[in-house]
Amino acid sequence: MSTIHLHQNTTATPEEFVAALTDFGPGRSKLFGNSADGYLKVHDQGQGQADVTEGSSGIWERLHYDWSDPNHVVLTTTDSNTWGGRSGHTDTFTRQPNGTADVDVVVVRDGKNLKGRLLGGLVGTVGKGVLVKAFAKTVKAIEARSSGG
């Protein structure tokens, strides 16, 4: 099992970040590179929660999104062809006095089969740099979306 911690300051507010995280419409892949539009399926969505399948490159997971706390979004993996156990993501937003926000993300990858265990090991070591770059790209895309750019 791999646990990856990501952190970045953003000019987007916590509300703007949550709005982007919970926008399951077309074009999601422009914000989140690992969420190809062809994999995206919303099974259920209600006040502060959703049940969504997403993925890319042959890896998919069904996630329960919980954003009932506006500063904390929890994505729990409920099914996947790769991930199991305690897999998921937790995004925490801290508003700063200057109007910016700190974003802390914890990604847990618990492989449920050989493919998942191998990928989880890679993600936790040499693959962390790929996640850091993808996260930075996501933050910039959300900032551009928030500023209307």
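Coordinates for the structure precede this section.
Residues numbered from 1 in each chain as written. Predicted model: local features only at pLDDT ≥ 70, side-chain atom pairs only at ≥ 80, totals over all residues. Heavy atoms only, no water.

Chemist: Sorry, what's going on with the layout of surface pockets here?
Modeler: The gaps left among the atoms become clear once a water-sized probe is rolled over them. In this model, the largest pocket occupies a volume close to 990 Å³. Lining the largest pocket are 37 residues, with Asn 34, His 89, Arg 109, Leu 131 and Ala 134 sitting closest to its centre. Among the secondary structure elements, those contributing two or more residues to the lining of the largest pocket are helix 1 (14-21), strand 3 (49-56), strand 4 (59-69), strand 6 (88-95), strand 7 (101-109), helix 2 (114-124) and helix 3 (128-146). Top contributing element to the lining of the largest pocket by residue count: helix 3, with six residues. (1 Å grid on protein atoms, 1.4 Å probe; cavity = no way out; pocket = protein on both sides within 12 Å on 5 of 7 lines; lining within 4 Å. Points joined across faces, edges and corners; volume = space filled by probe spheres on them. Helix = DSSP H or I, 4+ residues; strand = E, 2+ residues; numbered from the N terminus.)

Chemist: I tried to follow the sheet that holds strand 4 on my own but got confused; where do I start?
Modeler: In sheet architecture, strand pairing relies on hydrogen bonds along the backbone and comes in two forms, parallel and antiparallel. Strand order in the open sheet formed by seven strands is 1-7-6-5-4-3-2, with antiparallel pairing between adjacent strands. Two strands close off the open sheet at either side, each with one partner strand: strand 1 (2-10) and strand 2 (41-46). Shown here is a sheet whose adjacent strand axes are inclined to one another by a mean of 20 degrees, direction ignored. In terms of strand pairing, strand 2 meets strand 3 through five bridges, oriented antiparallel. When the bridges of strand 3 are listed, Val 42 appears paired with Val 52. In the packing of helix 2 onto the sheet, the strands contacted are strand 1, strand 4 and strand 7, and the crossing angle to strand 1 comes to about 45 degrees. Helix 3 rests against strand 1 and strand 7 of the sheet, and its axis sits at about 35 degrees to strand 1. (Pairing = 2+ DSSP bridges. Axes fitted to C-alpha atoms, helices over the stretch in contact; angles between N-to-C directions. Contact = heavy atoms within 4.5 Å.)

Chemist: Is there a simple way to think about the pairing of strand 4 in this case?
Modeler: Side-chain positions along a regular strand alternate between the two faces of the sheet. Bridge count between strand 3 and strand 4: eight bridges; the pairing is antiparallel. Within the sheet, the bridge partner assigned to Gln 49 lies in strand 4 and is Asp 66. Here strand 3 folds back onto strand 4 in antiparallel fashion, the turn holding two residues, of which Ser 57 has a positive phi close to 50 degrees. As judged from the seven bridges shared by strand 4 and strand 5 (residues 72-80), these two strands associate in the antiparallel manner.

Chemist: Before we go on, may I ask you to explain unusual backbone geometry in this structure?
Modeler: Most of the time, phi is negative for any residue but glycine, and the peptide bond is trans. In the Ramachandran plot, Ser 57 falls in the positive-phi region, its phi being about 50 degrees despite a non-glycine side chain. Here Ser 57 lies in the loop between strand 3 and strand 4.

Chemist: Where do I start with the environment of Thr 94 in this structure?
Modeler: Assignment of secondary structure puts Thr 94 in strand 6. Here Thr 94 falls in the partly exposed class, since its relative accessible area comes to 37%. Not counting the four nearest positions on each side in its chain, Thr 94 is found in contact with Thr 100, Ala 101 and Asp 102. (Buried < 20%, exposed > 50% of the residue type's maximum accessible area, 1.4 Å probe, protein only.)

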